[in-house]
Each structure stands twice: as C-alpha cells, then as structure tokens.
Amino acid sequence: MKHIFTLLFLIVASTTFAQVKYEGVVTDSSGEPLEFANVIAINKESKVLESYAVTNDAGKYKLSLGKNTTYSIQVSYIGFTTFEIEVTTTEEALSKNFSLVEDNTLDEVELVYEMPVTISGDTITYNADSFKNGTERKLGDVLKKLPGVEVNDDGEIEVEGKTVGKVMVDGKDFFDGDSKLATKNIPANAIDKVQVLKNYSNNSQLSGVTNNQDNVAINIKLKEGKKNFWFGTVTAGVGDSPDGELYLAQPKLFYYSPKKSINVIGDINNIGELALSRRDIFNFGGGFQQPSQQSGTNINLGSNDLSFRQLQNNQAKSLNTKFGAANFSYSPNSALDLSGFGIFSSSRIELQENSSVLYTNPDFGIPDEFTQSNTKQKSDLGLIKLSTKYKPNPNNQLDYDIIGRMSKDEQINGTFSNVVGSVNQLEDATPFRLNQNLNYYYTLDETNIFALSIQHLLQNEDPFYNALLENDPTNNDNGTDPNDMLPDEDPYDATAEDLGFDRTQVNYNVNQEKFVKTNQLDAKLDYWNILNKKSDINFTLGTIFSNQQFDSDIFQTLDNGNELDSSPSITGISDVNDIKYTFSDVYLGMHYRYKTGKFTISPGLSAHAYGVKNNQFNTETTDNFFRLLPDLNVRVQLKTSENLNFSYRMQTQFTDVNQFARGLVLNNYNSTFIGNANLENSLSHNLNLSYFSFNMFNYTNVFAFLNYSKNIDNVRTQSIFQPGSVIRSSTPFNSGLEDETFTASGRFQRRFGKLQASIRGNFNYSKFNQFINNRLSVNKNFSQTYTPTLRSNFREAPNFELSYKYTTSDNNQGDRTTKIITNAPSIEFDALIFKKFTFRTDYGYTKQTVGDNTNSFGLWNANLMYRKENDSKWEYEIKATNILDVDSNLTNNVGGFSVSTSEYFIQPRFLTFRAIYNL
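Residues numbered from 1 in each chain as written. Predicted model: local features only at pLDDT ≥ 70, side-chain atom pairs only at ≥ 80, totals over all residues. Heavy atoms only, no water.

S.K.: Provide a residue-level description of the overall build of the protein chain, including the pertinent values.
M.R.: Within the protein chain one finds six helices and 53 strands. Relative to its length of 919 residues, the protein chain is compact, with a C-alpha radius of gyration of 31 Å against a globular reference of 29 Å. Considered along the principal axes of its C-alpha atoms, the protein chain spans approximately 105 × 65 × 55 Å. Looking at the protein chain as a whole, 50% of its 919 residues are labelled buried. Of the contacts formed within the protein chain by residues at least 6 apart in sequence, a portion of 66% connects residues at least 24 apart. Accessible surface, the protein chain as shown: approximately 41,200 Å² in total, 53% of it carbon and sulfur. Across the protein chain, the 83 positively charged side chains and the 107 negatively charged ones have centroids separated by 9 Å. (Helix = DSSP H or I, 4+ residues; strand = E, 2+ residues; numbered from the N terminus. Rg over C-alpha atoms; globule rule 2.2 N^0.38 Å. Buried < 20%, exposed > 50% of the residue type's maximum accessible area, 1.4 Å probe, protein only. Contact = heavy atoms within 4.5 Å. Areas by Shrake-Rupley, 256 points an atom, 1.4 Å probe, with all protein chains shown as cover. Lys, Arg positive; Asp, Glu negative; His and termini not counted. Charge placed at Lys NZ, Arg CZ, Asp CG, Glu CD.)

S.K.: Report on the sheet that holds strand β11 (residues 149–151), specifying residues and quantitative values.
M.R.: Pairing is antiparallel in the open sheet, where three strands are placed in the order β11-β12-β13. Each edge of the sheet is formed by a strand with only one pairing partner; in this case those strands are β11 and β13 (162–163). Inspection of the sheet shows strand β12 (residues 157–159) paired to β13 by two bridges, in the antiparallel sense. Counterpart to Glu158 in the pairing with β13 is Thr163. (Pairing = 2+ DSSP bridges.)

S.K.: Now, about the pattern of salt bridges: what can you tell me, with residues and values included?
M.R.: If you walk through the whole model with that rule in mind, you get 27 salt bridges. Residue Glu738 pairs with Lys710 through a salt bridge whose shortest N-O separation is 3.4 Å. One end of the pair, Glu738, is in strand β43 (residues 738–752); the other, Lys710, is in strand β40 (residues 700–712), with 28 residues separating them in the sequence. For Glu738, a relative accessible area of 38% gives the class partly exposed. A salt bridge links Glu801 to Arg791; its shortest N-O distance comes to 3.0 Å. (Salt bridge = Lys/Arg side-chain N within 4 Å of Asp/Glu carboxyl O.)

S.K.: An account of the sheet that holds strand β3 (residues 49–54) is needed here, citing residue identities and associated values.
M.R.: Pairing in this open sheet of four strands is antiparallel, and the strands run β3-β2-β5-β6 from one edge to the other. Looking along the sheet, the strands with just one partner apiece sit at the ends: β3 and β6 (83–88). Strand-to-strand, the axes of this sheet are offset by a mean angle of 20 degrees, without reference to chain direction. Looking at chain direction, strand β5 (residues 70–76) and β6 are connected through six bridges and run antiparallel. Considered in β6, the bridge of Ser72 is made with Glu86. (Axes fitted to C-alpha atoms, helices over the stretch in contact; angles between N-to-C directions.)

S.K.: Account for the nonpolar core, naming residues and giving values.
M.R.: Inside soluble globular proteins, nonpolar side chains tend to come together where they are buried. Tyr126, Phe174, Phe175, Leu181 and Ile343 are the most contacted members of the largest nonpolar core, which totals 60 residues. With residues near it in sequence (within four places) discarded, Leu181 still touches Phe174, Phe175, Ile186, Ile265, Leu276, Phe284, Phe323 and Ile343. Membership of the second largest hydrophobic core comes to 27 residues, among which are Tyr465, Leu664, Phe721 and Phe897. (Core = buried A, V, L, I, M, F, W, Y, C linked by side-chain atoms within 4.5 Å.)

S.K.: Describe empty space enclosed by the protein, and please don't skip the residues or the numbers.
M.R.: Inspection of the entire model under this criterion finds four cavities of 30 Å³ or more. There is about 60 Å³ of room inside the largest cavity. Asp173, Phe175, Asp176, Asn327, Ser339, Gly340, Phe341, Lys385 and Ser387 together form the lining of the largest cavity. Of all the secondary structure elements, the ones that give two or more residues to the lining of the largest cavity are β23 (336–359) and β24 (369–393). (1 Å grid on protein atoms, 1.4 Å probe; cavity = no way out; pocket = protein on both sides within 12 Å on 5 of 7 lines; lining within 4 Å. Points joined across faces, edges and corners; volume = space filled by probe spheres on them.)

S.K.: Lay out the pairing of strand β48 (residues 837–850) in plain terms, naming residues and giving numbers.
M.R.: Note: strand β47 (residues 816–833) against β48, twelve bridges, orientation antiparallel. The partner of Ser826 across the bridge, within β48, is Gly844. In textbook terms, the turn of a hairpin is the stretch between consecutive antiparallel strands, and for β47 and β48 this stretch comprises three residues, one of which, Phe834, has a positive phi near 55 degrees. Sheet topology note: the β48/strand β49 (residues 853–866) ladder contains 14 bridges and is antiparallel. Bridging from a neighbouring strand, Arg840 pairs with Asn863 of β49. Counting the residues in the hairpin turn of β48 and β49 gives two residues, including Gly851, whose phi is positive at 65 degrees.

S.K.: Report on the side chain of Ser292, specifying residues and quantitative values.
M.R.: When you line up the elements, Ser292 lands in the loop between α4 (278–282) and β21 (297–299). According to the relative accessible area criterion, Ser292 is buried, its value standing at 2%. Filtering out sequence-adjacent residues up to four positions away, Ser292 remains in contact with Thr297, Asp522, Ile544 and Tyr587.

S.K.: Mind laying out the environment of Pro251, listing which residues take part and the relevant values?
M.R.: Tracing the backbone through its elements, the reader meets Pro251 in strand β19 (residues 244–256). Look at Pro251 and you get partly exposed, because its relative accessible area is 31%. Along the primary structure Pro251 and Val101 are separated by 150 residues, whereas in three dimensions their C-alpha atoms are 53 Å apart. For Pro251, the contacting residues outside a window of four places in its chain are Thr233, Val234, Val264, Ile265 and Gly266.

S.K.: Tell me what's going on with the environment of Thr640, and back it up with residues and numbers.
M.R.: Mapping Thr640 onto the fold places it in the loop between β35 (619–639) and β36 (642–654). A residue is classified by how much of its surface remains accessible, and Thr640, at 42% relative accessible area, is partly exposed. For the pair Thr640 and Leu755, spaced 115 residues apart in sequence, the C-alpha to C-alpha distance is 25 Å. Look past the residues within four positions of Thr640 in its chain and what remains in contact with it is Glu35 and Phe36.

S.K.: Which residues make up the packing of aromatic side chains, and what values do they have?
M.R.: Under the criterion given, the structure shown has 30 aromatic pairs. Here the aromatic rings of Phe583 and Tyr610 are separated by 6.2 Å at their centres, their planes lie at 35 degrees, and the arrangement is tilted. Placement of the pair is Phe583 in strand β33 (residues 576–596) and Tyr610 in strand β34 (residues 599–616), with a sequence separation of 27 residues. Accessibility classification places Phe583 together with Tyr610 in one group, the buried group. (Phe/Tyr/Trp six-rings, centres within 6.5 Å; stacked < 30°, edge-to-face > 60°.)

S.K.: Go over the pairing of strand β39 (residues 682–695), please, and point to the residues and values.
M.R.: Here β36 pairs with β39 via twelve bridges, running antiparallel. Within β39, the position partnered with Met650 by the bridge is His685. As defined by bridge partners, β39 adjoins β40 across 13 bridges and the pair is classed as antiparallel. Considered in β40, the bridge of Phe694 is made with Asn701.

S.K.: So, the side chain of Gln616: which residues are in play, and what are the values?
M.R.: Looking at the element boundaries, Gln616 is found in strand β34. Side-chain polar atoms of Gln616 contact the side chain of Asn614, separated by 3.1 Å. Aside from chain neighbours lying at most four places away, what touches Gln616 is Asn577, Asp578, Ile579, Phe660, Ala661, Arg662 and Ala677. (Polar contact = N/O pair within 3.5 Å; in protein donor to acceptor, adjacent residues only side chain to side chain.)

S.K.: Please set out the environment of Tyr648 residue by residue, giving values where relevant.
M.R.: Structurally, Tyr648 can be placed in strand β36. C-alpha of Tyr648 to C-alpha of Gly736: the two residues are 88 residues apart in sequence and 23 Å apart in space. Dropping the residues within four chain positions of it, Tyr648 is found in contact with Pro630, Asp631, Leu632, His685, Asn686 and Leu687.

S.K.: Please give an account of the confidence of the model for the protein chain that cites residues and values.
M.R.: Predicted confidence across the protein chain gives a mean pLDDT of 88, with 95% of residues reaching 70 or more. Throughout residues 106–110 the model reports pLDDT below 50, and contacts reaching past four residues in sequence, or to other chains, amount to six contacts. Low pLDDT (under 50) marks residues 479–486, which in the prediction has four contacts with non-local residues, meaning those over four places away or in another chain. (pLDDT = per-residue confidence, 0-100.)

Written out as structure tokens, the structure is:
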C-alpha cells in the first residue's frame, strides 16, 4: 500500500509544480470591485476550458495555468460587456486587472464555454460537464467532484454540513424525502446542471418570513436530449461464487416532459447490492415535517418495530433483495400539480455474528458475556405516497399529502451465550402507518400572510416475541442444600420463577403478544404581519393531541402444547397491559424578527397548557401544568457566502406509552421491563452555534457546528441484574439529575488546481445517569474522529481519492473504562483508458484496538467497464467484490450497560459479468 501512496504523491507533486499563477482584480469602470464575476481560461490549442475562477468580495481572481501555453481569457459579469484577451504564459507568475464596461445591449462577446460554477443569491449552479472526466456513471459520482458538496458514507448528500432534504429533477420531486435513490440511480450522462438551493422553502409565500437556513434542496437540470424521451439504463448480470450462482437485474428508466415525469427503478439480486436498506425505508418520511417542530414541545411516540439486527456497512453472510420503485408527477394545468411514489422492498438476509460483551462496573457482579448467533430475516415492505398542490393564483396555495407504509417482518435467531446457554428466538410483526398532511397558505396583502398546517398520524404495531431457552427440570431446588448433590439451577430459572412459569418443563417456551395503536393530531395556524422592510412579527396558535393504546400479554407454551398465563411473583405486577395514554398541548407562540446591518435577530416565546393522562388497572394518573418556553435565533451575514448563526431553544420532552405501562413486558430473553405510571416530563436547554463560508476566490469551503444540550429530570432506567447473570429487569424513573451532551463538527476544504484537500473533525461528549443494582452509575463518553482526504479531478489523467479516518473513543461506565482506537485508511482509483475502458478500484483497511486487543481487516473491490463510444448503447462490465476473500469484519459498540466487540461474517469473493443497455 505504501508504494501506491508514493506513486500518488509523485503525481500530485508533478502536477503542482507544472502550474503557474495568473491573478488580478475585476472592477467596473468606476473602480468598484465586482464580486462573483466569472473568469475562464480556454487552451487555444486543445480548445478546452482549462481553468476558471469567481471573484471574491474584493474583486480578486486567481487561475492556475500551464507553463508556456497560450490561452484565451474571458471575463464576464451580468449587465457588463464581456472582455476577452489572449495570453501566453511563461514559467513566471502573471498579474492582470480587468475593468468591465456596463452594457445591456445584445452585441456582447458570445461565451462558447459555460462557467463551471455560478452563484446567484442562495442558488449555486454547477455545470456538470466541467467536472466530468468520463468515468462517472451515476449522480453520486458527479456530486463528489463538486466543491462544497459531499456524499457521505450512507449515500446522503451534504451541503455546508447539512443533509439535503429534497432532490428534484427539472423542478419535479424525485422520491421526496430521501436523496440516496437519486445518487445511486440518476444517470450521470443525463445531467446538465446541478443547482444547490440554500434556504429552501416549499412555499414561495413564506420564503421571506420563515427561517429556512437549515433547509437545502438540489435540483438536477437535464440535458436537452433527455427531455420528452425515455432514458436510463437496463442492467443484467450473472456471476459465480463459492456459494453458487449469482444474478442481478436492474432496470432504471426515466421520462421527463414539461407536464409529466415518470421514474421506474427495479433491482433484483443475490449479491448484496442494496438499493435501500430496511432502516432507510423505515426512515423514509416522504418529506413530512411536523407542524409543531419548532413549538418547543417534543413528544416521543416510541417504536415497537422488531429488534432487527442491523447490517454492518450493508454487509451480511447472505443477502437476497427485490426492490421496485416508481415516482410520477403530472401538471394538467399551471395551477395543479399531482405527484407521488410507490416503493416495494423484499429482502432475505442471513447474519452470523460472534460478540464479546464487557459489562459496566465489575463490582456489580455482572459477568462478561461471549455469544455466537445466527439470524435469518425476512422483510416485505410497501410504501406509497400521493401529493397534490393547487395554486390558482400567487396568493393562495393548498397542499395535501398522504403516505402509507405497511410491512410483514420476521426474524429467527439462534444464540449461544456462555452465561445463559442456548436461546432460540422468533419475532414477527405486520405494522401499519398512515400519515396525512394538509397545508393552506393565504396572502391577504403585502403585509399580512396566513398559513394553516394540519398533520394526522394513525399507526398500528403488533410485534410478537417467542424465546425457547434450555431448562433442566431436575435442579429447581436452587442448589442451596450443602448435602444436595444436584447442580445449581439453570441460568433462566430465577427469571422463570419471577414470571410464574412452570419450571418442570423440558424447555422454557416464552411468548409475548403486543399491540400498540397511535392516533395523533398536530395542527397550527400562523399569522405574519410584515411591519416594514426590516421587521415582521409572527403569531402561532397550535395544538398537539395524541392518544396511544397499549396491550400486551405474556404466556408460556408447555411441553404438551397448552398455554399457561404468566403469574409474576412480584407483588402488584401483572403479566398483561391494558393502558390508554393521552397527551395534549395547546400553545400560543409569538416571534419577532428584526434586521439591522449584518444581523437578523429573532426572539420568541410560546405559552403551553399541557395535559398528560394514563389509565390502567382502573387507576387514572394525570399531570396538568402550564409552561413558558423561550427561544432565540441570531444570524450574522458576514459576507454573501459567509454567515454565523446562533440559536437557543428550551424544550419540554414527553415520553411514550411504553414507559408508562405498569405491566410486565419482555424486551428480550435477557431483559424484562416494568413501566412507571407516575413519570413526568423533562426539560432541556439546547444551544447551537454554526459557521459557514464558501470562498469562490480560492475555493475554500468551511463549516463548523457546536451543539450543547442539558436535560433536567430526564427519564432514565433503574436496572436490577440477576446475581451472576446478564438477565436484568428495568424500570424508568425521573432521575432528578442533569444529563449533558456536547458535540462539535467541522470541515475545511480547499482546491489546489485539480486537487481538492479536506479535513473533517467530529467531537462528542455525553454524560448520563442511571441506576444499576440500586447504585448510581454515571456514564461518560468522549469520542473524536478526524478524516483528512485528498481527491483529484483530472480530465485526462487517472483520478484518485485518499482518505484516512482516525477515531478514538473513551468510555467511562461506572468504574470500568474502555478506550477504542480505530485507524482506517482507504484509497479509490479510477481511470479512463483509451477512451473505451473505465477501470475502478477501491481498498479500505481497518485496524481496531480495544484495550490490549488489536484486530484488523481489509476489503478490496474492482471493476472494469467497456463501451465503444461515449454515446454507445451497450456497455459491458466485469466486477469483483471482496477480492481478498475476507471472511469477516469487526465492529465496536458502546451501549448503556456495556461495550461490545463483534465479528460479523460477510459474503465471499464475488465475480460478476454485466451487460448495460443505455436508452
């Protein structure tokens, strides 16, 4: 690997020394500097745009040109006559100032080459062809090369450190609510422009009165030849592996016209290529945002999804998937837009994992645990969304969205624990969720604006859990008699006795049925009065009403097939739950916004009348109270593309019905849970400071975030472990103690000619309190991650990306301290060979150290593609994954009670041949 790094260093050095600077200032005829003027250099011999620059606020520009080469320099600015000059470089730096003359006539010098990057207000437009070198296949490949844009490890698009919430193609939503489908599927050769829309608002009427600095959208402009025609790719492939034959089929088809669009994406394969993971789809919100999101109230509705073991890096021992998605939009007239999408995903996954679990404070008597597990997962999931937007005139807009999700999930797990023994588990569920959203916007006149937002959620969850544990019915006397030669009881005997199970059975066959129904209405009415050009005031009247019903039942299946209801021996504890939980919030908010110079100051206050009630076992518990919640936002616009933002928010946090249920619940075979009907809300203080700068003069991109939160009287757990066991019983309580979290992240990115260097850092500190075996345990975790990256973007030469990720995590759990260090260098390389072959390869190496133990693994992938011409219909590809045939990878996890190291097994070396047809 060191030879590869040495070679790349030589390439970087030779490229850097072969450049010469050409810089100066662009002004108007009066000598005033022109910011965002475009300066481009076209090689006279090759006719290629070789360098470009955008002037900064002082009018400065800087180009990197080749030595001893003749260029045509073009300088342009909207409303001014374009200036053109021919320059021949030497080996010395050159300087040249330009003065442009204002001229609105049409007889300007025609710009043959488009500017790679242009800025207009909050919109940054990238000319995609300026950053391509022919090896790109999908949108994600193009986005990685754009200054200021990143595609993170999860496939999500980030701009200024913020995740892009909406992707559009020619102004039409592309699977609203997720950006991964766009990065992985939109063909690179169809992309003309990439528009980054900062401070994005779904409604133009509110764009001037709402705070949208955290909203970022991307709009993909298609090339003219891709409109009014179907385009895309159809891929089919076969292959071989030690485990058998491989197959894949991936149609990806798109149609766009001024009135309608249709997108169809399909994927069937058994090689582990995931279009979207199960977690991605469950998080796929369709772009919904709660009306009360900024009200100061945070209510957690909980989750009763199956405790599916998550894929590590989207890898598993075996992974077969079927995926289909369709997205449409239709505009029958200028006032009405209809759109929607449907997604179906089916997966069959096998996981194999070995784990070493180190529990907190050894003085608690909790033994360290070693487990071996095999898991089979089945999931069939459907998601559908329909949207309509009606805007008959600029002053009225009505939006309605409905999204539904249902799934059929099953997980079968076999685990052997050195503490508990052999455990077989079965989980299944068929959850359903329906979410509706209605928005109406009305502009009365230039100074009065109204907005109504109503959202309704209906959700049913029905998880079933079964565990089969070992039992020896002959040793139930607990081995307390010193004259008794029988062995001590089985690991689960004490828990079985607490649950009231029959201990004479050959196995403990434990079952639990749960049903949770959620019905929530979230609505608000906003009124804005624009006082003058610098200030406005906003009044909000809103409400949240949530009703949850939770039923559960624990029973034992006997050896003869009969069912025995659990009879817990704990006084006052039932094996069933039948609870109704109601939450209500009626609030009135006021926000004032004032602009003065570079500052925009927005103080706010909301008054809330809360009502919380739970009814169970013929007992009703209520909590009604009133609270004022302040908030503040201060934005400093230092320059056009540089700002500083501070916000403070006080929030009241409420928990879900699961935490209130006083009946016994099985979270897992080794964890029982008893709720607390007397839980109260908690209060949090949240502070955020962010900085962003995008300097087009030297293509320096900087962002930084600081976040601090303090939770007062937070809901935490009190856990009691069985003596000498990992089986525990937990109960929530209001700690009365303060929990704190501090996070900081930032990135510095700069371009040097055809090279882009960046370094990213993340810091996280958290402290929370819990009780274990009736003793206070304070958890303190501090982690740091540094990721320097060097990336090239040559048109002719091969390109590379070097990255090094260093992570250190210090975890103090009670009296046990664990330090985890991860070193992970990686390299990506791609080259266009003879303009017909595209070669790509990537290698990642990970070394992890936990205490005195060090483990490492490496993954290497490569593929070779061939197409006769750039516009050829057919393309062929040979792809090899896991070339080194690595059996397993490692991961470390920090939980509330333990630190674990897991070895998870992955698919073997796969070799596939693919044929791609381009429409």
